[in-house]
Amino acid sequence: MKTRILILSLLSIISCGTGITTGQEIASSGAHNSDFLTSGNFYQKSGAITSSGYNGTDGIAFIQQDGLIGRDICIFYPADYDPKPHEPSFALLNEPVLTGKVPSDWALRPNFYVKNGKAIATLPIEEGTALYGTGENTGPLLRNGKKIMLWNTDNYKYLVDSGNRLYQSHPWVFGVRSDGTAFGIIGDNTWRQEIELTDSIRFISDGPAFRVIVIQKNSPQEVVMELANLTGKMELPPLWALGFQQSRYSYVPDTRILGIADTMRMKKLPCDVIWMDIDYMEKFKVFTFDKKMIPDPKAVNQGLHSRGFKSVWMIDPGVKVEKGYSVYDSGSQGDHWVLTAELKEFNGKVWPGPCAFPDFTRPETQSWWSGLYRDFMATGIDGVWNDMNEPSVFDGPGGTMPADNVHRGGGVLQPDIHLRYHNIYGMLMVKASREGIMKVNPDKRPFILSRSGYLGSSRYAATWTGDNCGLVEHMKMSIPMSLNLGLSGQPFNGPDMGGFALGTSSELYGQWIAFGTFFPFMRAHAEKGTNNKEPWAFGLEIEEVSRTALNRRYRLMPYLYTLFYEASKTGLPVMRPLFFADPTDSALKKEDQLFLLGNDLLIIPKWAVNPALPKGIWRTVSIAGENSLTDKYQADVRIKGGAIIPLGKLIQSTSEYSTDSLTLLICPDQQGKAVGQLYEDAGDGYGYQQGEYLLSSFSAEQQGTVVKVRIKSLEGSLRHADRKYKIILVHKNGAVESDWASGKNMKFNLPAN
Ligand code: MIG
């Protein structure tokens with residue numbers, strides 16, 4: 001106890017907060033903070049540091065400073081704001097710069113106060129406002145009335161705290177008013193905190209007083225795009241990451257891995273990726289391979305590649321404490337571990353037994369961790385799965401490390417306790433992973449899947465929603481969960497399709513894959529000890545259901561890839577809530593059985609009961625020969641009047657993807673017109689950043705049985721010499737198909753309906 005008091009007093013050297021700090025100031029003030037024992041750290045103004053965080057004096061604080069930081073974006077600093085415990089921000093790409101005064105008619109201002117020692121910011125909820133966001137949540141799409149804890153937690157089956165805290169933290173509330181205007185609020189701090197959306201919007205932090213950023217726009221779409229401008233965007237992933245992915249805890253030995261791949265091909269179930277879970281490792285030691293299970297990792301990767309598959313392998317943060325194990329040895333030599341409050345190496349139990357945990361706040365540790373990927377990736381690994389990075393610690397308080405553990409920071413990062421850095425531990429881990437992977441494969445686009453995350457972590461990794469169950473309830477909830485992640489800045493996400501824990505019945509799997517095939521990230525996964533959950537494991541009927549569902553995804557690949565391109569440019573989600581179709585239509589605001597894929601496709605799962613539907617023309621289409629109106633499983637997919645959707649060929653993986661011939665699904669609006677777009681590039685690498693891509697627009701006009709189609713190149717230097725097109729005209733009573741044609745201005749004569 002004595003040591004703790006000594007350390008905390010060393011830590012708590014008073015510093016004065018100036019309120020506003022520029023990026024440069026942070027960089028220079030951070031520079032001499034690398035050794036916190038001599039320079040000390042910061043905050044200590046209206047309260048004292050305790051080992052569990054901030055302990056302010058109760059009372060109301062005035063706004064110390066506020067102003068515009070962009071078009072329709074304002075920032076508010078509380079009176080006792082100190083930048084040191086908060087900056088640089090992990091959510092924001094750049095430190096905000098004041099560009100003007102808060103407009104006089106600005107509706108949303110926070111009130112700041114301290115209650116029970118906690119720093120709080122509240123904002124009023126106007127009547128009729130629908131609330132969303134708050135990141136990864138269980139429960140419905142609409143967040144009104146909810147209380148959410150932001151404290152990244154390994155939440156098996158979503159049972160801890162009734163699922164009110166999961167693996168990720170997004171201090172972000174997104175609101176849509178009844179008139180369709182919208183706002184978003186960032187409570188810019190990483191500390192353990194709660195968000196309450198009961199009588200008002202309330203951020204209640206265990207850290208010192210924090211600043212709040214408010215975006216107000218005319219539409220929800222503009223708010224989400226502005227969030228992406230502030231927090232950064234997902235980089236365009238490799239095309240293969242958009243394919244179907246098959247995982248299990250765990251596919252071992254090597255022969256089983258290749259067997260799964262072979263069965264996919266034999267059964268003509270399109271698939272791009274096989275995933276390797278922890279049992280491939282030797283005694284769960286990261287960056288090793290078990291000699292019996294995987295005697296030759298290179299051969300496994302080559303085997304997958306020669307079958308047209310990619311491979312993703314798991315890496316956890318916990319490093320087995322074992323002298324002679326190179327990762328532990330080099331980590332110890334470099335002083336890379338998170339420390340206890342007594343400044344000793346912290347050890348906690350995970351799969352390998354006692355582990356040490358990299359302190360990713362240290363720049364040296366970041367580069368060390370990056371470097372570990374060199375030999376690993378050299379075996380031909382395509383993607384990396386960072387799991388357990390909340391971090392999950394089996395014998396730690398609340399399943400993680402103690403909140404008073406010490407992170408040493410360095411560079412621009414302040415030293416501080418775990419309570420501050422917990423929620424961005426995983427984000428810092430995937431940042432280092434990504435850098436390491438890019439260094440080894442500079443000509444490939446990295447793919448990383450992270451379980452933990454924080455607002456803005458789509459900059460580094462895709463995500464999935466953790467350990468759900470093979471339950472109808474979890475199947476249905478996967479839609480609002482994915483939607484709210486998309487509305488919180490993470491477009492590349494999806495659930496464990498089919499359910500991770502518990503057995504999955506044939507019926508459930510069939511229903512799930514039939515709409516799950518339209519998730520941005522589509523991976524089937526299964527826990528150890530559960531029934532086999534590959535598409536063929538549920539009998540012939542469900543195998544056929546799966547084949548059709550997967551064929552639908554792969555035929556839609558040109559459209560899906562175009563949506564990912566759009567997301568990487570604008571921050572708009574790939575999977576969108578129904579109210580995006582009409583933010584003024586109150587009936588759509590809580591509908592979360594259905595979703596939109598982009599703007600032009602509406603996905604209606606078979607199990608949806610009395611769904612609210614957007615107004616206007618939306619017509620059911622067949623994408624891969626299915627008739628979803630009579631089919632027991634396949635989701636009803638409807639195309640919007642006025643839209644053109646490019647479809648590709650039936651393929652078994654994106655390694656066969658080409659846009660040499662395209663089918664245009666055309667659904668004319670009231671005036672007989674329709675438009676669409678297509679993005680294409682090499683599918684991997686960075687040529688597209690040098691202009692090696694093509695963004696085209698399609699426009700169509702129908703007059704009776706004649707449809708004229710114009711194709712324009714909008715951007716990029718890629719050219720297509722002789723692309724063949726056919727069209728499928730979707731009309732009131734069905735669809736008619738044309739012959740193949742080519743050219744920039746085509747005229748299709750269709751058979752009469
Ligand atoms: O404690 O690696 O969420 O997808 O299969 C469980 C084994 C650790 C949790 C992940 C799950 C993965 C499992 N992991």
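How each quantity is defined
- Residues numbered from 1 in each chain as written.
- Predicted model: local features only at pLDDT ≥ 70, side-chain atom pairs only at ≥ 80, totals over all residues.
- Heavy atoms only, no water.
- Near = heavy atom within 4 Å.
- Polar contact = N/O pair within 3.5 Å; in protein donor to acceptor, adjacent residues only side chain to side chain.
- Areas by Shrake-Rupley, 256 points an atom, 1.4 Å probe, with all protein chains shown as cover.
- Nonpolar A, V, L, I, M, F, W, Y, C, P; charged D, E, K, R; others polar.
- Pairing = 2+ DSSP bridges.
- Helix = DSSP H or I, 4+ residues; strand = E, 2+ residues; numbered from the N terminus.
- Axes fitted to C-alpha atoms, helices over the stretch in contact; angles between N-to-C directions.
- Contact = heavy atoms within 4.5 Å.
- Buried < 20%, exposed > 50% of the residue type's maximum accessible area, 1.4 Å probe, protein only.
- Core = buried A, V, L, I, M, F, W, Y, C linked by side-chain atoms within 4.5 Å.
- Domains from an automatic or database assignment.
- Phe/Tyr/Trp six-rings, centres within 6.5 Å; stacked < 30°, edge-to-face > 60°.
- Lys NZ or Arg CZ within 6 Å of the ring centre and 35° of its normal.
- 1 Å grid on protein atoms, 1.4 Å probe; cavity = no way out; pocket = protein on both sides within 12 Å on 5 of 7 lines; lining within 4 Å.
- Points joined across faces, edges and corners; volume = space filled by probe spheres on them.
- Lys, Arg positive; Asp, Glu negative; His and termini not counted.
- Salt bridge = Lys/Arg side-chain N within 4 Å of Asp/Glu carboxyl O.
- pLDDT = per-residue confidence, 0-100.
- Parallel < 35°, antiparallel > 145°, perpendicular 65-115°, else oblique.

## Remarks on the site of the ligand
Neighbouring the ligand are 13 residues; D277, W351, D387, D467 and H525 lie closest to it. Here a nitrogen atom of the ligand and a side-chain polar atom of D387 are 2.7 Å apart. Between H525 and the ligand, the recorded distance is 2.8 Å, taken from a side-chain N or O atom to an oxygen atom. In isolation the ligand offers 350 Å² of accessible surface; the protein chains occlude 95% of this area. Of the residues belonging to the shell around the ligand, the class tally is 8 nonpolar, 1 polar and 4 charged.

## Quick word on the sheet that holds strand β15 (residues 212-217)
Neighbouring strands of a sheet are bound in pairs by backbone hydrogen bonds; such pairs are parallel or else antiparallel. Judged by pairing direction, the sheet is antiparallel, and its 6 strands sit side by side in the order β4-β5-β15-β12-β11-β8 without closing on themselves. The open sheet has two edge strands, β4 (63-70) and β8 (130-133), and neither has a second partner. Pairwise comparison of adjacent strand axes, ignoring direction, gives a mean angle of 20° for this sheet. Relative to strand β12 (residues 182-187), strand β11 (residues 172-176) runs antiparallel, the two sharing 5 bridges. Bridge pairing links V176 to A182 in β12. Packed on one face of the sheet, helix α4 (residues 220-231) meets β5 (73-78), β11, β12 and β15 and runs near 140° to β15.

## Observations concerning the side chain of H525
Tracing the chain through its elements places H525 in the loop between β30 (523-524) and α13 (540-555). The buried category is assigned to H525, whose relative accessible area is 2%. At 2.9 Å, the side chain of H525 forms a polar contact with the side chain of S247. With sequence-adjacent residues up to four places away left out, H525 is seen in contact with S247, R248, Y249, D277, W385, D496, M497, G499, F500 and K533.

## Description of the nonpolar core
By size, the foremost hydrophobic cluster in this structure holds 176 residues, and its most contacted members are Y280, I315, W369, F376, F447 and F515. It is helix α14 (residues 557-570) that contributes the most residues to this core, 8 residues altogether. When residues of this core are sorted by domain, at least three fall in each of domain 1 (51-231) and domain 2 (592-749). Excluding anything up to four places from it in sequence, F376 contacts Y280, F287, F289, W313, I315, I381 and V384. Formed by 28 residues, the second largest nonpolar core is a distinct cluster that contains A61, L131, L150 and F203.

## Thoughts on the pairing of strand β43 (residues 745-749)
Side chains of β43 alternate between two faces, with M746 and F748 buried and N745, K747 and N749 left unburied. Across 5 bridges, the pairing between strand β40 (residues 706-715) and β43 is antiparallel. Paired with V709 across the strands is M746, a residue of β43.

## Some points on the packing of aromatic side chains
Evaluation of the coordinates by the stated rule reveals 43 aromatic pairs. Arranged with centres 5.4 Å apart and planes meeting at 80°, the rings of F289 and W313 form a pair that is edge-to-face. In this pair, F289 sits in the loop between β17 (273-276) and α6 (297-306) while W313 sits in strand β18 (residues 310-315), placing the two residues 24 residues apart along the sequence. W313 carries the same exposure label as F289, and that label is buried. Their ring planes at 65° and their centres at 5.6 Å tell us that F579 and F580 sit as a pair that is edge-to-face. Judged by relative accessible area, which is 5%, F580 ranks as buried. Three or more aromatic residues link up through ring pairs in this structure, and these residues are Y280, F287, F289, W313, Y328, W337, F360, W368, W369, Y373, F376 and Y425. If you follow K285 out to its NZ or CZ, it ends over the ring of Y325, 5.1 Å from the centre. Over the ring of W464 we find R523, and its NZ or CZ is 5.1 Å from the ring centre.

## A short note on the sheet that holds strand β32 (residues 595-597)
The 5 strands lie next to each other as β31-β32-β33-β35-β34, forming an open sheet whose pairing is antiparallel. The strands lining the two open edges of the sheet, one partner per strand, are β31 (575-576) and β34 (618-620). As paired elements, β31 and β32 share 2 bridges and run antiparallel to each other. Counterpart to M575 in the pairing with β32 is L597.

## A word on empty space enclosed by the protein
Left-over empty space is what a probe sized like a water molecule reveals as it rolls over the atoms. Inspection of the entire model under this criterion finds 8 cavities of 30 Å³ or more. Reported here for the largest cavity is a volume of approximately 140 Å³. Of the residues in the lining of the largest cavity, the class split is 11 nonpolar, 2 polar and 4 charged.

## With respect to the domain arrangement of the chain
Partitioning the chain into domains gives domain 1 (51-231) and domain 2 (592-749). Using only C-alpha atoms to locate each centre, domain 1 and domain 2 end up separated by 38 Å.

## Quick notes on the side chain of D290
With respect to the helices, strands and loops of the structure, D290 is situated in the loop between β17 and α6. Of the side chains with opposite charge, K292 lies nearest to the buried D290, which makes no salt bridge, at 6.2 Å. Looking at D290, its side chain comes within polar contact range of the main-chain nitrogen of K292, at 2.9 Å. Reaching out from D290, the side chain makes a polar contact with the backbone nitrogen of M293 at a distance of 2.9 Å. D290 has contacts with D279, Y280, M281, E282 and P295, leaving out every residue within four places of it along the chain.

## Quick notes on the environment of I120
In this fold, I120 is placed in strand β7 (residues 118-124). Judged by relative accessible area, which is 6%, I120 ranks as buried. Between the alpha carbons of I120 and D206 there is a distance of 9.0 Å; along the sequence they are 86 residues apart. Residues within four places of I120 in sequence aside, it is in contact with N111, F112, Y113, K115, R202, F203 and I204.

## Looking at the confidence of the model for the chain
Do not read the predicted coordinates in detail wherever pLDDT is low. Summary statistics for the chain give a mean pLDDT of 93 and a share of 93% for residues scoring 70 or more. Across the chain, the secondary-structure element scoring lowest on mean pLDDT is helix α2 (residues 23-31), at 29, and the one scoring highest is β17, at 99. Predicted confidence for residues 1-51 stays below pLDDT 50, and this span has 105 contacts to residues more than four positions away or in other chains.

## With respect to the packing of α13 against α14
At a minimum axis distance of 5 Å, the contact between α13 and α14 shows a crossing angle of 55°. In terms of orientation, α13 and α14 fall into the oblique class. Contact with α13, carried on its side by R553, Y554 and R555, involves M557, P558 and L560 of α14 and no other residues of that element. Residues that form the contact of α13 with α14 fall into these classes: 4 nonpolar, no polar and 2 charged.

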